[in-house]
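Results of the structural survey
Chain by chain, the residues run as shown.
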Amino acid sequence: MPPESSPLRRKTPELLAPAGSLAMLQTALAYGANAVYAGQPRYSLRVRNNDFGSLETLKTGIDTVHAAGGQFYLVSNIYPHGAKLKTYVRDMEPVIALKPDALIMSDPGLMMMVRETWPDQPIHLSVQANTVNAAAVKFWARNGVSRVILSRELSLDEVADIRQACPEVELEVFVHGALCIAYSGRCLLSGYFNHRDPNQGTCTNSCRWDFKVHPGREDASGDVFLIEERERRGGSYNLIEEDEHGTYILNSKDLRAIEHVQRLIEIGVDSLKIEGRTKSPYYVARVAQAYRAAIDAAVAGEALDPALVDSLDGLANRGYTGGFFDRHQEASAMQNYARGSSESSRSLYVGDVLQHDAARGMAEVVVKNRFAVGDRFELVQPSGNRIFTLERMEQADGSATPIAPGSGHRVWIPLPAGSEGAFLTRFVDGFEARLPDPALEAEAAGCGSGGCGSCG
């Protein structure tokens, strides 16, 4: 029998990607995901940037995933008040008929209703249920749940302990994306500040705002402070309390657990999940591509390629953290004290490749952010990414143009056939010095003609 660490014993986990639109769903599949999750705005915790409100779109999404041999999980994880409870079974009947592979749920009452109405419908327990121990996993399994999405607040050792105690239950963990300041999203901050309830799907990400703290009057409990958010709520103060450990209305860094993929596979986790249903197709392409490669390498017994870690810096992020997988980290490893917005120190997403004109040897790009002739780029595509320097650029009429000014413009650049649907990113200033010399790239590729525009 092969040893426990042998790649022959390693199970390939599912790579589960988010979808807020059909374009995002199709991109996730193209870049390596073999499962997708999406939800209806009324019954899932993503109201904005969510195109899955119609049965027609849901059907297209489910059929597309199934045609690709994947799994489609429908998020139905809201904690409903009475009004939504009354309409749930009626609204879900045509949805269940579309045959989603599972419902992702958190509310016990809704789960009971699904069990009574559709006893054969698989249910996955949402991370919103905050499952942090093996006893809770067993409880949910005994109540008809086939998979438990574990709380983000668990360490790798705790995940391993749950796996050992519950070998018959599928386990899913988040490996990438935004983190909340509350237990796996059960947050009241947005509702407190502007009456937009995160637990009803309308979170405004209040934890990312630029807060200023002012001293207040000391009372019997000790020091009292007032918090002000100047940009959106200038002049409005809210009471906060601070103990000896500090105050926790802070901005979490984003989760990046690609370094832990090998350990999670060795533990036997069934599904590795990417957060981000409100993000862009480019986001899901970049993340799915990186984690697909990391999973395949780990299953084959190979070490993680550092370039995969580096590639994730090509996404706008708030700084990365391993979250709670590693215990006893300094606070600065978890929180971003400097800014609440997302930035990239590597590259900027600047365009989508629409079509290729063989006669011109050029491809049309719809511009998302400014770029210019002479910039260094990475073309992100399912068949593999490549770096090149832009030597020329044209408008639709064939006239040369040195600059693509910004969003809303369309330009033509030299790209090979087959680049349709790819994403174009420009390396940011300062990162370019770390890139290979373009002449050496061309020599290594056996190229030098410059005909494709890749040679600098």
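Everything that follows concerns the structure shown earlier in this document.
Okay, so let's go over this structure. None of these values were measured; they are calculated from a predicted model.

Formed by 94 residues in total, the largest nonpolar core has its most connected members in Tyr88, Val148, Leu150, Ile258 and Val261. Among the elements that take part in this core, helix α10 (residues 281–299) stands out by supplying 12 residues, more than any other. Among residues more than four places away in sequence, those in contact with leucine 150 are Val127, Thr131, Val137, Val159, Ile162, Leu171, Glu172 and Val173. In terms of nonpolar packing, the next biggest core, distinct from the first, is built from 17 residues, Leu390, Met393, Ile413 and Ala422 among them.

Moving on, we come to the side chain of histidine 260. Within the secondary structure, histidine 260 is located in the loop between β11 (254–256) and α9 (261–267). Take histidine 260: its relative accessible area is 12%, and that puts it in the buried class. When residues no more than four places from it in sequence are discounted, the contact partners of histidine 260 are Leu156, Phe325 and Asp326.

A separate point is empty space enclosed by the protein. Counting across every chain of the model gives 2 cavities of 30 Å³ or more. By volume, the largest cavity is sized at about 90 Å³. Taken together, 13 residues form the lining of the largest cavity, with Ser151, Arg152, Leu154, Phe174 and Phe325 sitting closest to its centre. Along the lines of polarity and charge, the residues of the lining of the largest cavity split into 9 nonpolar, 3 polar and 1 charged. Counted as a void, the second largest cavity has a volume near 50 Å³.

This brings us to the sheet that holds strand β15 (residues 362–367). Sheet strands associate in pairs through backbone hydrogen bonding, adopting either a parallel or an antiparallel arrangement. Read across the sheet, 6 strands follow the order β18-β17-β21-β14-β15-β20 without closing on themselves; strand pairing throughout is antiparallel. Looking at the sheet topology across the chains shown, the edges are occupied by β18 (386–389) and β20 (410–414). Direction aside, neighbouring strands of the sheet carry axes that sit 35 degrees apart on average. Here strand β14 (residues 347–357) pairs with strand β21 (residues 423–427) via 5 bridges, running antiparallel. Across the sheet, the residue bridging to aspartate 352 is phenylalanine 423, located in β21. Contacts from α10 reach β14, β17 (376–380) and β21, with the element oriented near 80 degrees to β21.

Calculation notes
- Residues numbered from 1 in each chain as written.
- Predicted model: local features only at pLDDT ≥ 70, side-chain atom pairs only at ≥ 80, totals over all residues.
- Heavy atoms only, no water.
- Core = buried A, V, L, I, M, F, W, Y, C linked by side-chain atoms within 4.5 Å.
- Buried < 20%, exposed > 50% of the residue type's maximum accessible area, 1.4 Å probe, protein only.
- Helix = DSSP H or I, 4+ residues; strand = E, 2+ residues; numbered from the N terminus.
- Contact = heavy atoms within 4.5 Å.
- 1 Å grid on protein atoms, 1.4 Å probe; cavity = no way out; pocket = protein on both sides within 12 Å on 5 of 7 lines; lining within 4 Å.
- Points joined across faces, edges and corners; volume = space filled by probe spheres on them.
- Nonpolar A, V, L, I, M, F, W, Y, C, P; charged D, E, K, R; others polar.
- Pairing = 2+ DSSP bridges.
- Axes fitted to C-alpha atoms, helices over the stretch in contact; angles between N-to-C directions.

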